[in-house]
Amino acid sequence: MNLPNKITVFRFFCIPLLMAFAYIEFPYHWVATLIVYFIACVSDTVDGNIARKRGLVTDFGKLMDPLSDKSLVFAAYLILINMGWHTDICVMLMLAREFLVAGIRMIAATTGEVIAANKFGKCKTFLQMSTTGMTFLLLAIGEGKADITMSTPWLNVYCTIAFWIVAIVTVLSGIIYAKDGWHLIKTK
């Protein structure tokens, strides 16, 4: 397994740590959550850059890198949903897009074709990671207050607006993948 693929696998291992830091309350647990999330998000850029610069792009990386990104982002969404700071409809729209794209990728795989992330998918992932990262940053800044959800009601407003924007971009990205992959769906 090459270095970029090891970094992709590392991102999967960050997820349980992220969840543990977010849910187990201890002094500065939001700071710890933010650090783990930041490292995992940066690793996405690092593995892609290494793979392209060193010619280490593999089918494993093309398939597992987007899956590790989705897993990381949806773990962050679960944390935010549990806190009541996320619109369930946004999550359902984003999940529907992910299943659509995964289905197209599976159909492509049966024909020997691998569909890597395109620029719209990368933009979607960046927006998802940056908005959830910003939320964790705001939680880390407000850490130590008696009840952060009550002391920062504007955070709920931020999350609602930010995640609706991300949901719209995510759906548009899914439509583009569906349009580009439509040739793979063969009907009788």
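Within each chain, residues carry numbers counting from 1 in the order of the written sequence. Per-residue local features are limited, in this predicted model, to residues with pLDDT of at least 70; the limit for side-chain atom pairs, both in listing and counting, is 80 or more; totals at the level of whole chains, interfaces and linings are taken over all residues. With hydrogens and water excluded, all non-hydrogen atoms of the structure serve as input to the side-chain values.

> Where do I start with the packing of aromatic side chains in this structure?
Geometry of an aromatic ring pair is reported as the spacing of the ring centres plus the angle between the planes. Here a pair means two rings of Phe, Tyr or Trp (six-membered ring of Trp) with centres within 6.5 Å. Their orientation is stacked below 30 degrees between planes, edge-to-face above 60, and tilted elsewhere. Enumeration over the complete set of coordinates arrives at five aromatic pairs. Ring centres 5.2 Å apart and planes at 80 degrees place the aromatic pair F74 and Y77 in the edge-to-face group. Of the two residues, F74 and Y77 both sit in helix α3 (residues 59-83), three residues apart, roughly one turn of that helix. Across the pair, Y77 and F74 agree in class, each one buried. On the basis of an interplanar angle of 85 degrees and a centroid distance of 5.5 Å, the ring pair of Y77 and F163 is categorised as edge-to-face. Taken together, the residues span a long stretch of sequence, with Y77 in helix α3 and F163 in helix α7 (residues 153-181) at a distance of 86 residues. Residue F163 is classed as buried on the basis of its relative accessible area, which comes to 0%. Strands are runs of DSSP state E lasting at least 2 residues, helices are runs of H or I lasting at least 4, and numbering of each runs from the N terminus. Using a 1.4 Å probe on the protein chains alone, a residue whose accessible area is under 20% of its type maximum counts as buried, one over 50% counts as exposed, and one in between counts as partly exposed.

> Sorry if this is basic, but what is going on with the pattern of salt bridges here?
Think of a salt bridge as a Lys or Arg side-chain nitrogen and an Asp or Glu carboxyl oxygen that are within 4 Å of each other. The final tally for this structure, using the stated rule, is eight salt bridges. Across the salt bridge formed by D47 and R11, the nearest N and O atoms sit 2.9 Å from each other. Taken together, the residues D47 in helix α2 (residues 29-53) and R11 in helix α1 (residues 3-23) connect sequence positions 36 residues apart. Using a relative accessible area of 3% as the deciding quantity, one classes D47 as buried. Of the charged contacts in the structure, one is a salt bridge between E98 and K70, with a shortest N-O distance of 3.1 Å. Taken as a pair, E98 in helix α4 (residues 88-110) and K70 in helix α3 lie far apart in primary sequence, 28 residues in all. Each member of the pair, E98 as well as K70, is classed as buried. Taken together, the shared-partner salt bridges connect R11, D44, D47, D65 and D69 into one network.

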